[in-house]
Amino acid sequence: MASTERSGKGMPEKEKNVEGSQATAVYSVIGMTCSACSGQVERVLRQLPGIHDAVVDALTNRAQITFYPALITEETIRETIEDVGYQATLIQDHQTNAKSSQMCRIRINGICTSCSSAVESALQALGGVLMAQVASADEEAQVHYDPKMVSYKELLEAIEDTGSVAILITTGYMSQFQLKVDGVSTDHSMRLIENSLRSLPGVQDIDIDPKLNKFSVSYKPDVTGPRNFIQVIESTGSGRYKAMIFPETGREVHEKEIKRYYRSFLLSLVFTIPVFLTSMVFMYVPGIKSGLDRKVVNMLNVGEILRWALSTPVQFVIGRRFYSGSYRALRHGSANMDVLIALGTNAAYFYSVYSVLRAAASKDFMSTDFFETSSMLISFILLGKYLEISAKGKTSTAIAKLMDLAPETAILLTLDSEGNVTREEEIDSRLIQKNDVIKVLPGAKIASDGFVIWGQSHVNESMITGEARPVAKRKGDTVIGGTVNEDGVLHVEATKVGSESALSQIIQLVESAQMAKAPVQKFADRISKYFVPLVISLSFSTWLMWFLAGKFHWYPKSWIPSSMDSFELALQFGISVMVIACPCALGLATPTAVMVGTGVGASQGVLIKGGQALESAHKVNCIVFDKTGTLTVGKPVVVNTRLLKTMVLQEFYELVAATEVNSEHPLAKAIVESAKKFRDDEENPTWPEAKNFVSITGHGVKAIVRDKEIIVGNKSLILDQNVTIPSEAEDMLAEIESMAQTGILISIDGELAGVVAISDPLKPGASEVISILKSMKVKSIIVTGDNWGTANSIAKEVGIENVIAEAKPEQKAVKVKDLQASGNTVAMVGDGINDSPALVAADVGMAIGAGTDIAIEAADIVLMRSNLEDVITAIDLSRKTFSRIRLNYIWALGYNLLGIPIAAGALFPSTGLRLPPWIAGAAMAASSVSVVCCSLLLKNYRRPKELDGLDMQGVEVVK
């Protein structure tokens, strides 16, 4: 039955109505062997009502399902996967539109019940808002939104437009924690524990798996945490219940699968080696040969009985996985590798049984059996699967290494009201809750994101940021979980725990990237759909052709080996064709290379969000650079101030800083920092109140301060506000811009009052990076909101010829689209909110890692180290990865195109070369292993040699 289209006009009306409540769940699916298996699961899932999309990856043994909770449950999806014949376990509960959304919590002061609906309506009217809930009792709003379409600042503005005061509490997802509870034996106990947990403040939802005694708790991490859950559970049953962290299953399941194939292979050898010896070795040992040839019944001899007895357990006990896999595939109208193996081994085994039984019933029939073919074939395939799964495990070592960054334990401190330590306790690091105080000893890993509340030290952050030198930390400085404390003792207050931590976000990003299919994978998926039926047809045609050729004497009898007749020769050719064909190699060609490529990128500070980004990046021939924070350091400083009217410089800066303090732009921060120098309270100054603040994106700001209208911005903003720019100021701007500085104009009550010159130095090596890109045949363009003079000076300094200045965010996106229309594959490199539209519009968006969360969310590639050289690494790595994918496809296709004709006997008439089925099976197994190993060679990737001479990390901005 054809599945209904899930998008556009084909979407069922009911699903259109609930489209806003999409959810995503991730399952571990055990038992898939190739892309045919994953394709089969995808087809069955997509036929279910309520399924929006299904992505199943046989390589990672995962299924990511986007669905509508109003129409279908996670349990129904799991049962459907198991009905197809694979073991399915939910490993990540759904989050609303988790693939592209974030959740933020906003405090709304003084909101009443009647106002809450107005605020909800205002939020839901914004494009990109997926769901908005406002609770007047809590004075809080929870908003799920797509950061590519709307920013949290726009959410705050929409709330304030309704007349309410909005304060951002947090952005991100709710946390979830999984617990295993021992001692639970009845439904009453389950309900008792569930009710106890639900009574905790901050607990949002609880899912229970009674079979595993597993409780999945969704909660607000700033209200409660896992230690509270364990304490409540263990106090509920008067000590009867014991709660613990639910054991992780990812790596353990993979290791069990490897061990299972290894044991099966060793067990098969116990039977296969004697079969091989009796059929191919002992026949040439005189004493043993006579014993094996001794007749038992008519022409049936001892050797045939031994081979029959030894091969039967291999065929039906050890090889039962191929029968069950074939049954599952055929039951759902598809065919996979298991079908080919089952057909090939059954043909050899049952023909041998027929031959043996006929010998037992006849006094003159000389039987020839192929028991060694079926048993050796299964043994070699099991060996190949063992090697393949072992190699596949190595493709995801990047995630394992990231997980290993987190320490297993942490020292929890209990403080009294005066901040003195009253108790120290070592706990599992996964039990850390928000606002916990953690003690970090010298040489220990920091267990959680947070900030230092006591002590000073140096922290090695190279594993996260790529910064080679240890970073000094003291009271008030932020730290990242997974980094290493070098020399001093630190007390750290946890701010982001569990899935909110930077390390968890990176791991989730890499996992999502490795699951995302590259468009080129569709080629293999299309082939695998028809591959097995085609091979079965070719196998039958091969047997029939050789059988007819033998029956009608179309070839000389001398071609037939002495140990068989023409039928048996034809049968061997047919079986060889069936077992040598390998759809697995085609299915593994792309995902293994993508997994290794994204893993290597992550280890080098380049986070590539999946196969689509890799495929697009290798085609890039044009890069659009933002200026501030991308080509420049992004820490601008005021280098000169010139007043055009008589006033005190301190008063001037007070008015300007009061206006700019509300802006997040780097230039605004530079002005505020400069203004602090004129204040006695430099650390925490209080600025005059700014009323009617307006930010004109890409141009500047304006506000009313002390009853004066203050406008701070570029030349075009000043002219738009009908402020006259005297010739003296024009000359100042020209001089400032000629030195690659940015000139900011300040108007007070409609009169130009001053010009501020701001310098943002180029990143070291920027010109060398542009030069290397030219050698890679990639042209570079600057698109910036800064003035033309500064933009041209920067471009000249780095060697970029094409410049577009004074561009608004939407104009940057238009320029990207113009370049695409000219036939270019465009990458955009930026770091700010104003770059997000262009990052989304580009074929490949690259966000500088130190930039804003919104820019990083909108990008396809994140440069964690904020180094321009990583732009080259990203492009070069993607090119190397895709050359590896092409090589994999050439090998996989070439193997099948050459192997199948040889197995069919194409060379037999001229050379006498014939592939016995067991050799064909060994070749099939080797082809999959070779493709995986070819992808694994990417782990030896080294960035271009030209980058070795660049020192991109020599910039240190002194706060």
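Residues numbered from 1 in each chain as written. Predicted model: local features only at pLDDT ≥ 70, side-chain atom pairs only at ≥ 80, totals over all residues. Heavy atoms only, no water.

S.K.: Can you help me understand unusual backbone geometry in this one?
M.R.: With the exception of glycine, the majority of residues adopt a negative phi angle, and the majority of peptide bonds are in the trans configuration. At Asn-213, a residue that is not glycine, the phi angle is positive and equals roughly 55°. Relative to the helices and strands, Asn-213 resides in the loop between β10 (203-209) and β11 (214-219). If you check the backbone angles, Asp-749 has positive phi at about 55° while not being a glycine. Relative to the helices and strands, Asp-749 is located in the loop between β30 (742-748) and β31 (751-759). Here Asp-749 falls in the partly exposed class, since its relative accessible area comes to 47%. (Helix = DSSP H or I, 4+ residues; strand = E, 2+ residues; numbered from the N terminus. Buried < 20%, exposed > 50% of the residue type's maximum accessible area, 1.4 Å probe, protein only.)

S.K.: Could you clarify how one ought to interpret helix α27 (residues 788-798) in this entry?
M.R.: The α-helix advances 3.6 residues per turn, and as a result positions three or four apart in sequence lie on the same side. Of all the positions in α27, only Gly-789, Thr-790, Ala-791, Ser-793, Ile-794, Ala-795 and Val-798 are classed as buried. Where α27 terminates, the next one or two residues include Gly-799, which has phi positive at roughly 95°.

S.K.: Sorry if this is basic, but what is going on with the nonpolar core here?
M.R.: The tendency in soluble globular proteins is for nonpolar side chains to be buried as a group. Ile-623, Phe-625, Leu-773, Met-846, Ile-861 and Val-871 are the most contacted members of the largest nonpolar core, which has 105 residues in total. With 12 residues, helix α31 (residues 869-903) is the single largest residue contributor to this core. Setting aside anything within four residues of it in sequence, one finds Phe-625 in contact with Thr-630, Leu-631, Ile-770, Leu-773, Ser-780, Ile-781, Ile-782, Val-783, Ile-800, Val-829, Leu-868 and Val-871. Met-190, Ile-206, Tyr-219 and Val-479 belong to the second largest nonpolar core, which has 36 residues in total. (Core = buried A, V, L, I, M, F, W, Y, C linked by side-chain atoms within 4.5 Å. Contact = heavy atoms within 4.5 Å.)

S.K.: Before we go on, may I ask you to explain a positive patch on the surface in this structure?
M.R.: A contiguous patch of positive charge, built from Arg-43, Lys-522, Arg-526 and Lys-529, is present on the exposed surface. In terms of residue count, the dominant contributor to the positive patch is helix α17 (residues 521-551) (3 residues). Of note, Lys-529 is situated in helix α17. (Patch = residues over 30% accessible without salt bridge, like charges linked within 9 Å, V, L, I, M, F, W, Y side chains within 5 Å. Areas by Shrake-Rupley, 256 points an atom, 1.4 Å probe, with all protein chains shown as cover. Salt bridge = Lys/Arg side-chain N within 4 Å of Asp/Glu carboxyl O. Lys, Arg positive; Asp, Glu negative; His and termini not counted. Charge placed at Lys NZ, Arg CZ, Asp CG, Glu CD.)

S.K.: When you look at the sheet that holds strand β19 (residues 457-460) in this model, what are you seeing that I'm missing?
M.R.: In a beta sheet, neighbouring strands pair by backbone hydrogen bonds and run either parallel or antiparallel. Judged by pairing direction, the sheet is antiparallel, and its 3 strands sit side by side in the order β20-β19-β22 without closing on themselves. Edge strands, defined here as strands with exactly one partner in the open sheet, are β20 (471-473) and β22 (484-485). Pairing analysis gives 2 bridges linking β19 to β22, with the strands arranged antiparallel. In the strand pairing of β22, Asn-460 is matched with Val-484. (Pairing = 2+ DSSP bridges.)

S.K.: Looking at this structure, how should I read the packing of aromatic side chains?
M.R.: Enumeration according to the criterion identifies 24 aromatic pairs in this entry. Among the aromatic residues, those joined into a cluster by ring pairs are Trp-308, Phe-316, Tyr-323, Tyr-349, Phe-350 and Phe-371. Taking the ring centre of Tyr-261 as reference, the NZ or CZ of Arg-321 above it sits at 4.5 Å. (Phe/Tyr/Trp six-rings, centres within 6.5 Å; stacked < 30°, edge-to-face > 60°. Lys NZ or Arg CZ within 6 Å of the ring centre and 35° of its normal.)

S.K.: How do you make sense of a nonpolar patch on the surface when you look at a structure like this?
M.R.: A cluster of nonpolar side chains, contributed by Val-296, Val-297 and Ile-305, occupies part of the molecular surface with about 220 Å² of accessible area. Mapped onto the secondary structure, Val-296 falls in strand β13 (residues 295-297). You can call Val-296 partly exposed: its relative accessible area is 47%.

S.K.: Sorry if this is basic, but what is going on with the pairing of strand β16 (residues 421-428) here?
M.R.: Consecutive side chains of a regular strand alternate in pointing toward one face of the sheet and then the other. Across 7 bridges, the pairing between strand β15 (residues 409-415) and β16 is antiparallel. From the neighbouring strand, Leu-412 faces β16, where its bridge partner is Glu-425. Between the end of β15 and the start of β16, which pair antiparallel, lie 5 residues, with Gly-419 showing a positive phi angle near 90°.

S.K.: Is there a simple way to explain the packing of helix α22 (residues 649-660) against helix α23 (residues 666-676) in this structure?
M.R.: Geometry of a packed helix pair, given as the angle between the helix axes and the separation of the axes. Contact pair α22 / α23: the axes reach a minimum separation of 9 Å and the direction vectors enclose 140°. With respect to each other, α22 and α23 are oriented oblique. The two elements α22 and α23 meet at a crossing, and its hand is left-handed. Taking contact as the criterion, the partners of Tyr-653, Val-656, Ala-657 and Glu-660 in α22 are, on α23, Ala-668, Ile-671, Val-672, Ser-674 and Ala-675. Within the contact of α22 with α23, the residues separate by chemical class into 7 nonpolar, 1 polar and 1 charged. (Axes fitted to C-alpha atoms, helices over the stretch in contact; angles between N-to-C directions. Parallel < 35°, antiparallel > 145°, perpendicular 65-115°, else oblique. Left-handed = near helix turned anticlockwise from the far one by under 90°. Nonpolar A, V, L, I, M, F, W, Y, C, P; charged D, E, K, R; others polar.)

Keep in mind these values describe shape, not function.
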